[in-house]
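Spelled out, the chains give:
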Amino acid sequence: MTIDLQEKNLTEQEKLGVERLLESQNPNITDDLEQIWYLLDKTWHDMGCDNKNLDWDKIAKFYAHPVWLLNGLFIETHELSMQIRKSIASYIAEQGFKRICDYGGGFGTLAREIAQICPYIHIDIYEPFPSEYGKKCIENFANIHFVGDLKKDYYDCLISTDVLEHVDNVLETFNTMLESLQIGGKALVGNCFYPVIKCHLPKHFHFRYTFKHIATLMGVTHIGNIQGADYVQIYHKSKATQVGFMAKLMGGGEQMYISLAQYNAICA
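Residues numbered from 1 in each chain as written. Predicted model: local features only at pLDDT ≥ 70, side-chain atom pairs only at ≥ 80, totals over all residues. Heavy atoms only, no water.

A. Molecular detail of the pattern of salt bridges. Inspection of the entire model under this criterion finds 7 salt bridges. Between glutamate 132 and lysine 135 there is a salt bridge whose closest N-O contact spans 3.3 Å. With a gap of 3 residues between them, glutamate 132 and lysine 135 both fall in helix α7 (residues 132–137), about one helical turn apart. The residue lysine 152 makes a salt bridge to glutamate 179 at a minimum N-O spacing of 3.9 Å. A residue pair is termed long-range when its members are at least 10 positions apart, and lysine 152 in the loop between β3 (144–147) and β4 (155–161) and glutamate 179 in helix α8 (residues 170–179) qualify at 27 residues. For lysine 152, a relative accessible area of 59% puts it in the exposed group. (Salt bridge = Lys/Arg side-chain N within 4 Å of Asp/Glu carboxyl O. Helix = DSSP H or I, 4+ residues; strand = E, 2+ residues; numbered from the N terminus. Buried < 20%, exposed > 50% of the residue type's maximum accessible area, 1.4 Å probe, protein only.)

What follows is the structure, encoded as structure tokens:
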């Protein structure tokens, strides 16, 4: 994997961090996507992280590591990754949204794709601690802003791609996303509850089978998937979401692994 850093507006520290990572690639891996997965896993291991016994201080440092800057730079060179983002942007352009939140939107790759074809849409990137490089990337887009908190009932579209498999509490985080949506708004959610990389938490892998059903029970309707980005599901919020349901399901803070029949019994 090679990334041309000369054209990137990186600080010296950012550039040095990325260069060190590129030098630590596995010479036996020829596929660039597998190489970035290798570097993410290597960094996870080097920082002492464990996806079964979670130490969130270590994990927080992992997510602040330059490997995520490299991951973002890689995405912008990867044809399939960019095709997915262009497909999401095209869907959004067709819908006529006015206020969008990209939850966990990195340094704005998707937001910039949207802004280029929808220059009048207001786009917030929810990133409590945006990188300096990320701030530079959106300098020329007056309609893109980083935010560190979410307003309730504010957005008519929320996007979350490759986020929930990383968080400690999937349902609580998803509920926060839904609360920021107006009634009538749409959530575009793409999850990867699979062991692709070590920071995908195994305690969430059951959601690959149940997420759509739970989302429906929380008060949104699944209305399809985005063409060209098939793993991104479209949910419509037609009423206030059922926070009470989530509280029961969480069992006082601990996730419960129960069947769909049990979900229905809880909500009856």
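B. Here's a closer look at the side chain of lysine 186. Structurally, the position occupied by lysine 186 is in strand β5 (residues 181–190). Although lysine 186 lies buried, it forms no salt bridge, and the closest oppositely charged side chain, glutamate 94, sits 8.9 Å away as judged by the N-O distance. Looking at lysine 186, its side chain comes within polar contact range of the side chain of glutamine 95, at 2.9 Å. Look past the residues within four positions of lysine 186 in its chain and what remains in contact with it is Tyr91, Gln95, Phe97, Asp156, Cys157, Leu158, Leu181, Ile223, Ile234, Tyr235 and His236. (Lys, Arg positive; Asp, Glu negative; His and termini not counted. Polar contact = N/O pair within 3.5 Å; in protein donor to acceptor, adjacent residues only side chain to side chain. Contact = heavy atoms within 4.5 Å.)

C. Structural context of the state of the cysteines. By the definition in use, this model includes 0 disulfides. The structure places no disulfide on cysteine 157, whose sulfur is separated from the nearest cysteine sulfur, that of cysteine 101, by 9.2 Å. You can call cysteine 157 buried: its relative accessible area is 0%. Counting only cysteine sulfurs, cysteine 49 is the nearest neighbor of cysteine 199, a cysteine outside any disulfide, at a range of 8.9 Å. Of the residues examined, cysteine 199 reaches a relative accessible area of 2% and is grouped as buried. (Disulfide = S-S within 2.5 Å.)

D. Focus on helix α5 (residues 79–95). With 17 residues, α5 extends 25 Å between its outermost C-alpha atoms, agreeing within 8% with the 24 Å of an ideal straight helix rising 1.5 Å per residue. Taken together, the buried positions of α5 are Ser81, Met82, Ile84, Arg85, Ser87, Ile88, Ala89, Tyr91 and Ile92. Just downstream of α5, glycine 96 is the residue with a positive phi angle, here 75 degrees. (Expected span 1.5 Å × (residues − 1).)

E. Region of interest: the packing of aromatic side chains. Inspection of the entire model under this criterion finds 12 aromatic pairs. Consider the rings of tryptophan 44 and phenylalanine 62, whose centres lie 5.0 Å apart with planes at 90 degrees: the pair is edge-to-face. Residue tryptophan 44 is found in helix α2 (residues 32–46), and its partner phenylalanine 62 is found in helix α3 (residues 56–63); the two are separated by 18 residues along the sequence. Note on tryptophan 44: relative accessible area 3%, which makes it buried. For phenylalanine 62, a relative accessible area of 0% translates into the label buried. With 6.1 Å between their ring centres and 45 degrees between their planes, phenylalanine 193 and phenylalanine 211 make a pair best called tilted. Of the two residues, phenylalanine 193 sits in the loop between β5 and α9 (207–217) while phenylalanine 211 sits in helix α9, which places them 18 residues apart along the sequence. Residue phenylalanine 193 is classed as buried on the basis of its relative accessible area of 3%. Through successive ring pairs, a cluster of aromatic residues spans Phe174, Phe193, Phe207, Phe211 and Tyr235. For the cation-ring pair, arginine 99 lies above tyrosine 154, with the distance from its terminal atom to the ring centre recorded as 4.2 Å. (Phe/Tyr/Trp six-rings, centres within 6.5 Å; stacked < 30°, edge-to-face > 60°. Lys NZ or Arg CZ within 6 Å of the ring centre and 35° of its normal.)

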